[in-house]
Amino acid sequence: MLNIAAFLVVIGVLVFVHELGHLLAAKAVDIEVPRFSIGFGPRVTGFQWGETEYVISALPLGGYVRMAGMEELEGIEGGSDDEPLEERVPGPRDFDSKPLWARAIVISAGVIMNFIFAVVVFAGIAFFYGEPINPVTRVEVTNADQLTGVAAPLATIPVGAELSAVNDRPVESWNEVQDALAAAPAGELTLSFESADPVTLDLPAADSERVAALQPLDPFFEPVIGQVVSGSPADEADIQSGDRVVRAAGQDVRSWGDLVVIIRDHPDEALVLEIQRDGRPLQVSVTPEAETELNAELERVEIGKLGVGQLVELEHRPVGLGEAAVHGVVVSWTTSAMIVELVGDLFTGEASPRSLGGPLAIGQLSGQAARFGLDSFFTFMALLSINLAVLNLLPIPILDGGQLLFIGLEAVRGRPLSLEQRLRMSHVGLIIVVGIMVWAMTNDVLRFLGI
């Protein structure tokens, strides 16, 4: 139920924000707007305010703003005008009667609103929560024995090694480590340590490859229990905050990452934890609860969960309004660039089409984000808002990018495409969009079935 509720909130808010942009821009340039709809299909409820009917429709997978003169969308969005399209005479408040700049603003406004929403959310989280500072500079490498290619040199880093500099740039917190890694140019990257040999790797230029290469590099945390969720397997096994896990399932536990890997690998399997509590050794038998989640490739996997959190002592640095605003813009812009690159990789075949997710994937990820708190939930919503903005700019008719393409062609040709041409292209665009949606939902079903 949480996944469904989170999905409806996320989709409802993002569609509302997007369509509100179109509505406000249309009203600003005096375009007649007969209907503003959240959802597609039959009207469920709504009200009339002035010339515009505001409705919620049956299928909550999008929305639309119906503007006078945009006949190519009639029928696609549920229009019902009995006047033959070829006999219509554009009125002064029709979309097509407005100058090119006005139409471009109206079409772009939805994407702009989605981007502004993301900026506001990222800035708001920074302003109200402050900047979390993780003072840790010790390092551990996830799945070190499985690393290949660019990331392979990371496997030589000792567990818990103290990182002192990234490319001669001193670091005193994990935040500074992340900033230094993000700012490092393509090519040779050297990680220097207090009491271990430096490690050098050849950093790729592409953002997606860079993220993949550096993803195994994590901050080191002691394997000490911080929080215990009430009613969880850990709670039922009397595991307590402050317990240090020494061994699990017969394997030595050197870090929190070691413990996470062992627990995840044993869903619904009884195992023994050897712990230290107030200096006394204890053995605890516990069975991790099996949960299904989506991995980085959006594949459905079963993992074990104990219901515990690590002991993290974060510091929070207050952030002023101006700095928070800059943070919101920077995070939104860098996220947009990464999403654009990922979309490009999908078209070139460098990214697997199986990574495309549909409503089920969004619902599950929404639920996962909601469980981590409001800041995580809003962060996920902001990320999805940027995804929606980027995808809407694809030059596919019926999407905003396709409408901007029509306007661009009109500017070059000196005259608009004929209504017949726009209708034909819009129906092709509809087929493409439906095909993408079917593919995404098929991926969802295959993940659900474990295929």
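For the structure itself, look to the data block above.
Conventions adopted
- Residues numbered from 1 in each chain as written.
- Predicted model: local features only at pLDDT ≥ 70, side-chain atom pairs only at ≥ 80, totals over all residues.
- Heavy atoms only, no water.
- Buried < 20%, exposed > 50% of the residue type's maximum accessible area, 1.4 Å probe, protein only.
- Helix = DSSP H or I, 4+ residues; strand = E, 2+ residues; numbered from the N terminus.
- Pairing = 2+ DSSP bridges.
- Salt bridge = Lys/Arg side-chain N within 4 Å of Asp/Glu carboxyl O.
- Expected span 1.5 Å × (residues − 1).
- Contact = heavy atoms within 4.5 Å.
- Core = buried A, V, L, I, M, F, W, Y, C linked by side-chain atoms within 4.5 Å.
- Phe/Tyr/Trp six-rings, centres within 6.5 Å; stacked < 30°, edge-to-face > 60°.
- Patch = residues over 30% accessible without salt bridge, like charges linked within 9 Å, V, L, I, M, F, W, Y side chains within 5 Å.
- Areas by Shrake-Rupley, 256 points an atom, 1.4 Å probe, with all protein chains shown as cover.
- 1 Å grid on protein atoms, 1.4 Å probe; cavity = no way out; pocket = protein on both sides within 12 Å on 5 of 7 lines; lining within 4 Å.
- Points joined across faces, edges and corners; volume = space filled by probe spheres on them.
- Nonpolar A, V, L, I, M, F, W, Y, C, P; charged D, E, K, R; others polar.

Visitor: Help me out: how do you make sense of the pairing of strand β8 (residues 199-203) in this one?
Guide: For a regular strand, side-chain orientation follows a simple rule: the groups alternate between the two sheet faces. Burial along β8 is one-sided: V199, L201 and L203 are buried, while T200 and D202, pointing the other way, are not. Here 5 bridges tie strand β7 (residues 187-193) to β8, and the two strands are oriented antiparallel to one another. Directly across from L191, in β8, lies its bridge partner V199.

Visitor: Explain the pattern of salt bridges here, please?
Guide: Pairing between side chains of opposite charge can happen when their charged atoms approach one another. Enumeration over the complete set of coordinates arrives at 15 salt bridges. For E53, the salt bridge is made with R35, and the minimal N-O distance between the two is 3.0 Å. Within this pair, whereas E53 is found in strand β2 (residues 52-66), its partner R35 is found in strand β1 (residues 35-49), the two being separated by 18 residues in sequence. Here E53 matches R35 in class, with each residue buried.

Visitor: Which parts of the structure should I look at to understand helix α9 (residues 374-392)?
Guide: Three- or four-residue spacings in an α-helix give side chains the same orientation, since the helix completes a turn every 3.6 residues. Between its first and last C-alpha, α9 extends 27 Å over 19 residues, near the 27 Å set by a 1.5 Å rise per residue. Here α9 has its buried residues at F377, F380, M381, A382, L384, S385, I386, A389, V390 and N392.

Visitor: Just checking my understanding: could you explain the side chain of D400 for this structure?
Guide: Counting through the fold element by element, D400 comes out in helix α10 (residues 400-413). Here D400 falls in the buried class, since its relative accessible area comes to 9%. Among residues more than four places away in sequence, those in contact with D400 are H18, H22, I107, V111 and N392.

Visitor: Mind showing me how you'd approach the nonpolar core here?
Guide: The nonpolar side chains of soluble globular proteins are, as a tendency, buried together. Membership of the largest hydrophobic core comes to 45 residues, with the highest contact counts inside it found for V10, I31, M67, F95 and V106. Considering every element that reaches this core, the biggest residue donor is helix α1 (residues 2-28), with 10 residues. Once you skip the residues sitting within four places of it in the chain, F95 turns out to touch I31, M67, A68, G69, M70, R103, V106, I107 and I407. Core analysis: the next-biggest nonpolar cluster, separate from the first, contains 23 residues, F193, V199, L214 and L217 among them.

Visitor: Would you mind going over the packing of aromatic side chains with me for this structure?
Guide: How two aromatic rings sit relative to each other is set out by the distance from centre to centre and by the angle between their planes. Applying the stated rule across the entire model yields 7 aromatic pairs. A ring pair is formed by F16 and F36, whose centres lie 6.1 Å apart and whose planes are at 85°; its orientation type is edge-to-face. Here F36 lies in strand β1 and F16 lies in helix α1, a separation of 20 residues in the sequence. The class of F36 is buried, set by a relative accessible area of 5%. Site record: aromatic cluster; members linked through ring pairs are F16, F36, F47, W49 and Y54.

Visitor: How should a nonpolar patch on the surface be read in this particular structure?
Guide: On the surface, a nonpolar cluster with roughly 680 Å² of combined accessible area is contributed by F127, F128, Y129, L321, L374 and F378. Sorting the residues of the nonpolar patch by element identifies α2 (100-129) and α9 as the ones contributing at least two each. No other element matches the 3 residues that α2 contributes to the nonpolar patch. Structurally, L321 can be placed in helix α7 (residues 321-348).

Visitor: Just to check I follow, could you spell out the environment of E32 for this structure?
Guide: Looking at the secondary structure, you find E32 in the loop between α1 and β1. The partly exposed category is assigned to E32, whose relative accessible area is 31%. As a C-alpha pair, E32 and D94 span 62 residues in sequence and 6.4 Å in three-dimensional space. Apart from residues no more than four positions distant in its own chain, E32 is found in contact with E51, R66, M67, A68 and R93.

Visitor: What's the story with empty space enclosed by the protein in this structure? I'm lost.
Guide: Any empty space left between the atoms is revealed when a probe the size of a water molecule rolls over them. Applying the stated rule across the entire model yields 1 cavity of 30 Å³ or more. For the largest cavity, the calculated volume is near 80 Å³. Considering each element in turn, the lining of the largest cavity owes the most residues, 4 residues, to α10. Broken down by class, the residue content of the lining of the largest cavity amounts to 5 nonpolar, 1 polar and 5 charged.

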